[in-house]
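Read off the chains here:
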Amino acid sequence: MIYKVSKTKLDVIRFLNFVENSLDIEVTKKGNLKLVLEELLTNSINHTSNNIKPLEIEIDVHNDSINIEYHEYSDLFNIYDYYNEKDIMEDNINKMEEGGLGIFLIFNLIKNYQFIYDKKHLKNIMKFNI
């Protein structure tokens, strides 16, 4: 199912509450999903405010896997490449600066991630599994 979340704190809180209270997912995976989505949503609100189109989040639960597609209408931005250049992706938590820990957590909780930029619709798409 695809969920549309406007870039407001209230809508983000409502969506995260929905994830926590309404999705029938194993407790640990649900917690990981909520943490990853909270970090992605917070970054979207803080760094892409110039575009008011809502975020689109598709969540598919298949047995032991949760498949996510996170769509954000904005300029081209590959979160992995950006933070990898700053050495945040390394397993050296002592080198991290404020603002990098959330990304570090995301990449330690997700699997099979992929980034696509849809030039036709001007949006970043991040696909991953939990």
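Everything here concerns the structure above.
Quantities reported herein were computed from a predicted structural model and do not represent experimental measurements. (Residues numbered from 1 in each chain as written. Predicted model: local features only at pLDDT ≥ 70, side-chain atom pairs only at ≥ 80, totals over all residues. Heavy atoms only, no water.)

Asker: Report on the sheet that holds strand β2 (residues 55-62), specifying residues and quantitative values.
Answerer: One open sheet holds the five strands; their spatial order is β1-β2-β3-β5-β4, and the pairing between them is antiparallel. Both edges of this open sheet fall to β1 (2-5) and β4 (111-118), since each of them pairs with a single strand only. On average, each strand axis in the sheet is tilted by 15 degrees relative to the strand beside it, whichever way the strands run. Bridge analysis of β2 against strand β3 (residues 65-73) gives seven bridges, and the strand direction is antiparallel. Pairing of His62 across the sheet is with Ser65, part of β3. Strand contacts of helix α1 (residues 9-22): β1 and β2, with the helix running at about 150 degrees to β1, the strand carrying the most contacts. Contacts from helix α2 (residues 27-47) reach β1, β2, β3 and β5 (123-129), with the element oriented near 10 degrees to β3. (Pairing = 2+ DSSP bridges. Helix = DSSP H or I, 4+ residues; strand = E, 2+ residues; numbered from the N terminus. Axes fitted to C-alpha atoms, helices over the stretch in contact; angles between N-to-C directions. Contact = heavy atoms within 4.5 Å.)

Asker: Help me get a handle on the packing of α1 against α2, residues and values and all.
Answerer: Geometrically, a packed helix pair is captured by the angle between its two axes and the distance between the axes. Here α1 crosses α2 at 170 degrees, and the two axes come no closer than 10 Å. The pairing of α1 with α2 is recorded here as roughly antiparallel in orientation. Every residue of α2 that contacts α1 at Lys9, Val12, Phe15, Leu16, Val19 and Glu20 is listed here: Lys30, Leu33, Lys34, Leu37, Glu38, Leu41 and Ile45. Split by residue class, the contact of α1 with α2 holds eight nonpolar, no polar and five charged. (Parallel < 35°, antiparallel > 145°, perpendicular 65-115°, else oblique. Nonpolar A, V, L, I, M, F, W, Y, C, P; charged D, E, K, R; others polar.)

Asker: Quick rundown of α2? Include the residues and the values.
Answerer: Taking 1.5 Å of rise per residue, 21 residues should cover 30 Å, and α2 covers 30 Å from first to last C-alpha, within 8% of that figure. Of the residues making up α2, those classed as buried are Lys30, Leu33, Val36, Leu37, Leu40, Leu41, Ser44 and Ile45. Each buried residue of α2 sits inside an arc of 165 degrees when the element is viewed along its axis, so together they form one side. Pointing more than 90 degrees away from the buried face of α2 are the exposed residues Val27, Thr28 and His47. By the N-cap criterion, in which a side-chain oxygen at the helix start approaches the backbone nitrogen of a residue two or three places on, α2 is capped by Glu26, the distance to Thr28 being 3.1 Å. (Expected span 1.5 Å × (residues − 1). Buried < 20%, exposed > 50% of the residue type's maximum accessible area, 1.4 Å probe, protein only. Arc of directions from axis to C-beta. Polar contact = N/O pair within 3.5 Å; in protein donor to acceptor, adjacent residues only side chain to side chain.)

Asker: I'd love a proper account of the packing of aromatic side chains, names of residues and values included.
Answerer: Summed over all chains, the structure comprises six aromatic pairs. With a centroid separation of 5.6 Å and an interplanar angle of 55 degrees, the aromatic rings of Tyr3 and Phe15 are classed as tilted. On the criterion of sequence distance, the pair formed by Tyr3 in strand β1 and Phe15 in helix α1 is long-range, its members being twelve residues apart. Like Phe15, Tyr3 is buried. A ring pair is formed by Tyr113 and Phe115, whose centres lie 6.2 Å apart and whose planes are at 55 degrees; its orientation type is tilted. Judged by its relative accessible area of 23%, Phe115 is partly exposed. Grouped by ring-pair contacts, the aromatic residues Tyr3, Phe15 and Phe18 constitute a single cluster. (Phe/Tyr/Trp six-rings, centres within 6.5 Å; stacked < 30°, edge-to-face > 60°.)

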